[in-house]
Amino acid sequence: MLFENDKLNSLFRELENIKETYVELSVGSLDKKSKMNWTEYKKEYEKLGEIIEHSELQSIQLELVEEVIYSILEMLDGYKSLNFEADIIDKKTGESITKNIQLHDKYRDHIEAKKLV
């Protein structure tokens, strides 16, 4: 557990699970024998599979998805062009899980801590 805030840890674990699931789906689609039907670009994935190692594409995509998540969290923190202030609220308690923190910074801390393990 990286943070004392269990809710923040839970949020980041779920974001990581989403990232890993879709990167695995994508990398799995490089194989011509793959039965993955989730994409309409199967032929393009197969072409990529002929020229790039699966682990290389996986690293590229993990980085890309992390940056997308980071950017979404920046938006929630108020650094993009939303015309309203956003928050993440625990419905049971009515409490903000983002009070006095910057989600995007905490997410980056989470990612960097995982790299050290």
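Right above here is the structure, for reference.
Position labels on residues start from 1 in each chain and follow its written sequence. Selection of residues for local features in this predicted model requires a pLDDT of at least 70, selection of side-chain atom pairs for listing and counting requires 80 or more, and totals for whole chains, interfaces and linings are taken over all residues. Side-chain measures here rest on the full set of heavy atoms in the structure, leaving out hydrogens and waters.

Asker: Would you mind showing me how to read the overall build of the protein here?
Answerer: Strands here mean DSSP runs of E at least two residues long; helices mean DSSP runs of H or I at least four residues long; both are numbered from the N terminus. Per the secondary structure count, the protein includes four helices and two strands. Ordered by position from the N terminus, the helices and strands of the protein form the series α-α-α-β-β-α. Relative to its length of 117 residues, the protein is extended, with a C-alpha radius of gyration of 17 Å against a globular reference of 13 Å. With respect to the principal axes defined by its C-alpha atoms, the protein has extents near 50 × 35 × 25 Å. Burial status follows relative accessibility: with a 1.4 Å probe on protein chains alone, a residue under 20% of its type maximum counts as buried, one over 50% as exposed, and anything between as partly exposed. The buried share of the protein, taken over its 117 residues, is 29%. Counting only contacts in the protein whose residues sit at least 6 apart along the sequence, the fraction spanning at least 24 positions is 59%. Summing over all exposed atoms, the protein offers an accessible surface of approximately 8600 Å²; the carbon and sulfur share of this is 52%. Positive charges are assigned to Lys and Arg, negative charges to Asp and Glu, while His and the chain termini are left out of the count. Every charge is mapped to an atom, namely NZ of Lys, CZ of Arg, CG of Asp or CD of Glu. Averaging the coordinates of the 17 positive side-chain charges in the protein and doing the same for the 25 negative ones gives two points 5 Å apart. The reference for a compact globule is 2.2 Å times residues^0.38; the radius of gyration itself is calculated from the C-alpha atoms. Should any heavy atoms of two residues lie within 4.5 Å, those residues are counted as being in contact. Reported accessibility uses the Shrake-Rupley method at a 1.4 Å probe radius. Residues are deemed covered only where the shown protein chains occlude them.

Asker: Quick question: what am I supposed to make of the pattern of salt bridges here?
Answerer: A side chain with one charge may pair with a side chain of the opposite charge, provided their charged atoms come close. Salt bridge, as used here: a side-chain nitrogen of Lys or Arg that lies within 4 Å of a carboxyl oxygen of Asp or Glu. Going through the model one piece at a time under the given rule, you end up with 11 salt bridges. Here E95 ties to K7 by a salt bridge, and the two come within 3.7 Å at their closest N and O atoms. One end of the pair, E95, is in strand β2 (residues 95-96); the other, K7, is in helix α1 (residues 6-28), with 88 residues separating them in the sequence. K7 sits in the partly exposed class, given a relative accessible area of 32%. One salt bridge in this structure joins E46 and K42, with 3.1 Å as the shortest N-O distance. Within this pair, E46 and its partner K42 are both found in helix α2 (residues 42-51), separated by four residues, close to a single helical turn. Taking relative accessible area as the criterion, E46 reaches 16% and is therefore assigned buried.

Asker: For this particular structure, what's the right way to read the nonpolar core?
Answerer: Looking at soluble globular proteins, one finds that nonpolar side chains tend to be buried together. We call a set of buried Ala, Val, Leu, Ile, Met, Phe, Trp, Tyr and Cys residues a nonpolar core when their side-chain atoms join them within 4.5 Å. Of all hydrophobic cores here, the largest spans 10 residues; its members are L8, F12, L15, I69, Y70, L73, I101, L103, Y107 and I111. Beyond its immediate sequence surroundings of up to four residues, L103 is in contact with L8, L11, F12, L73, L76, D77, I88 and T98. Formed by six residues, the second largest nonpolar core is a distinct cluster that contains V23, L30, Y45 and L57.

Nothing here speaks to function; it is geometry throughout.
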